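Survey of secondary and tertiary structure
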Amino acid sequence: MILKRRLAVSNEQAQASTASRSTAATRSFAHNELEAETKRRVSVDEYCSEGNGKRLKDYFDEAERVIRSSSSDGGPPRWFSPLECGPHSPQSPLLLFLPGIDGVGLGLIRHHQRLGKIFDVWSLHIPVKDRTSFTGLVKLIETTVRSENCRSPKRPIYLVGESLGACLALAVASRNPRIDLVLVLSNPATSFSRSALQSTIPLLELMPSQITLSLSSILSLMTGNPLKMVMDNVVKGLSPQPTIEQLSQDLVAVSSYLPVLADILPKETLLWKLELLKAASAYANARLHAVKAQTLVLSSGKDQLLPSQEEGQRLTSALPKSQLRSFEDHGHFLFLEDGVDLVTIIKGASYYRRGKSLDYISDFMPPTATEFNELNEENRWMSVLMSPVMLSTLEDGKIVRGLSGIPSEGPVLLVGYHNLMGFEVHTMVPQFLIERKILLRGLTHPILFVDSKDGGLPDLGPYDKFRIMGAVPVSAVNFYKLMSSKSHALLYPGGMREAMHRKGEEYKLFWPETSEFVRTAATFGATIIPFGTVGEDDVAQIVLDVDDQMKIPFMKSQIEEWTKQYIKVRTGTEGEVGNQPIHFLFYLPKVPGRFYYYFGKPIETKGIKQELRDKKKAHELYLEIKSEVENCLAYLKEKRENDPYRNILARLIYQATHGFTSQVPTFEL
């Protein structure tokens, strides 16, 4: 790997350096090295590009080269940009990586290529013999942050830090509350005082200089749970052989590179770094109240250096604009482990933005093939059990099985009935991408995008997959942007009222009296497709609906609290549609039946755009669309009675004889 060097100077070692000098993008590398690196690059489709394939072994190889090149260098710390990050867009925000106790700056080596597509990546390198104090490192980073903020004041600056680096990020944020910073903190060392590391300082002082780290200790820190990683792939139906081979390579790499670890952290440096961690933890904890930056905390469940799980919860409670993501089976060096993709994590938390505020349309990045496959894997059991039937309507009115009746070119607006708990979405959205390469952008209740504290709804982690797949908070602005960007949008006018309906209300539409979407869709000549989905009554039976829960005092108070806490989607709508209480449903699962989807004949608005500016005409079309949705539901409810494979046993027998990937037949069209 070739490094693009960026000059940065420690404030303690060069007090006279200015902000512009400390962050000058000086790239000193040999011409032949650049030419060789350029030849190695290949052009790949962004959708299919998954990263640079780096592994733990590569971290040791590159760390060894970096240490050798700076073996006589006592400092100062400096910035560098990995050349493999490649060229970035001028609108890409700056990402500063702040390393952990190793100080090498290669902690994101497995993420460089993906990060480089959407960020301008700089990494901080702290030479082994450097003895810059914690406050000195803070001032160095702060100088860079202030300089880059002056250069691009409308773009955020990302500070990604692990352990020690997380403390540095918090310190810089506390001192610069007016600068737009986004913090991503991996296993922060703010818990150092409660860790076993602190008690090792006196012991290390008594030990001889020739410290030998045991292989088992290093493995427990570097890898979260190798056996689980292999078994997960077996469960998913993947061959364990490649995973075992890669794991073996990593095990050999760790044992082979123990001398490199000793070079990274010789006794004197290790003692210094532990004292640095002690100072960093005290400094950051004393200033948590001043941190106003948007913060994403990543905590490992098998961190044997720090009590990271408890610390993650403490920090997210203390920081006002923070979210927590937990990684139960991973160790301290999270970014070096398999199954962790920093870009996917940032996307899933809706933390990627190019401006002062997040734009859910222009800042959105479609899921990669790997992201989609991993998310679809979670829903595969639903597809196998329910064998969904999808029907669409061609322009001539003919009903066909499959999605060939859906236009490829947008803008397209799909309008339909929301089944219980939104069950239908889990198989519908993936099928559109698989069969037609169409990504449906679902307009979703804002509750899935608001992290609640102090007794609110559960954390947002489980909803990350919806955001990765393109869900956006439902609003007039977002709907307008989706139509203007020629997207395929998915809209449920009945919203939460339908998805959280009461007993006996299956397949009943609860739409607002006034048309909300017709004129906006017509402004951009969108094609509107009414559709219906049935199957919820073959999957679950409601036990306690909202009426039942309101009769139970503690449930009633919780529902009222949640309803007050979260924003209303329809502030100008009266009645139960506009005043839907926020609650959970209690239901019993049934032996799964089958889901049926029927997408009606497309309604073109291009030719009647001017006509639909009239509110009366728009309302007439709105009522027509609503009627078509009801017709789709009625058609499916009638037709499924003649489906010989509606029962799961019949479907399993068919799949057993024809293969579990075969398409199960249905009723005659």
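This text goes with the structure placed above it.
It should be emphasised that the depicted structure is a prediction, and the values quoted were computed from it without experimental measurement. Just so you know, the residues in each chain are numbered from 1, in the order the chain's sequence is written. Restriction of local features to residues with pLDDT of at least 70 applies here, the model being predicted, together with a cutoff of 80 or more for giving and counting side-chain atom pairs; totals for whole chains, interfaces and linings are based on all residues. To get the side-chain values, take all heavy atoms of the structure and skip hydrogens and water.

Right, let's talk about helix H16 (residues 425-436) for a bit. Its 12 residues place the ends of H16 16 Å apart at the C-alpha level, agreeing with the 16 Å of an ideal helix rising 1.5 Å per residue. Burial status follows relative accessibility: with a 1.4 Å probe on protein chains alone, a residue under 20% of its type maximum counts as buried, one over 50% as exposed, and anything between as partly exposed. Put simply, DSSP marks the helices as runs of H or I at least four residues long and the strands as runs of E at least two long, and each gets a number from the N terminus on. Residues of H16 that are buried include every one of Val-425, His-426, Thr-427, Met-428, Val-429, Pro-430, Phe-432 and Leu-433, and no others. Positive phi appears at Lys-437, one or two residues downstream of H16, with a value of about 55°. An expected span of 1.5 Å times one less than the residue number is assigned to each helix.

Take the environment of Gly-442 next. Mapping Gly-442 onto the fold places it in strand E12 (residues 440-444). In this structure Gly-442 comes out as buried when scored by relative accessible area, which is 14%. Distance from Gly-442 to Leu-491, taken between C-alpha atoms, is 6.4 Å for residues 49 residues apart in sequence.

For helices, the fitted axis covers only the stretch in contact; all axes are lines through C-alpha atoms, and the angles between them, taken along N-to-C directions, range from 0 to 180 degrees. For the pair helix H15 (residues 369-386) and H16, interaxial distance at closest approach is 10 Å and the crossing angle is 125°. Accordingly, the angle class assigned to the pair H15 and H16 is oblique. Here H15 and H16 pass one another in a crossing that is left-handed. Contact residues: Phe-372, Asn-376, Asn-379, Met-382 and Ser-383 in H15; His-426, Thr-427, Pro-430, Leu-433 and Ile-434 in H16. Of the residues that constitute the contact of H15 with H16, the class distribution is 5 nonpolar, 5 polar and no charged. By the definition adopted for this analysis, an angle is roughly parallel if under 35 degrees, roughly antiparallel if over 145, roughly perpendicular if from 65 to 115, and oblique otherwise. Should the near helix be turned anticlockwise from the far one by less than a right angle, the crossing is termed left-handed; should it be turned clockwise, right-handed. The contact criterion used throughout is that any non-hydrogen atoms of two residues lie within 4.5 Å. Under the grouping applied here, Gly and all other residues not named as nonpolar or charged are polar, the nonpolar ones being Ala, Val, Leu, Ile, Met, Phe, Trp, Tyr, Cys and Pro and the charged ones Asp, Glu, Lys and Arg.

Quick look at the pairing of strand E3 (residues 94-98) now. Here E3 lies mainly inside the structure; 5 of its 5 residues are buried. Of the two faces of E3, the one holding Leu-94, Leu-96 and Leu-98 and the one holding Leu-95 and Phe-97 are both buried throughout. Crossovers are described as right-handed under a simple rule: with the strands pointing away from the observer, the path leading from the first strand over the helix to the second runs clockwise. On the question of chirality, the crossover connecting E3 to the parallel strand E4 (residues 120-125) by way of helix H4 (residues 112-118) is right-handed. We treat two strands as partners when DSSP finds at least two bridges between them. Pairing between E3 and strand E5 (residues 157-162): 5 bridges, direction parallel. Looking at E5, one finds that Leu-96 is bridged to Leu-159.

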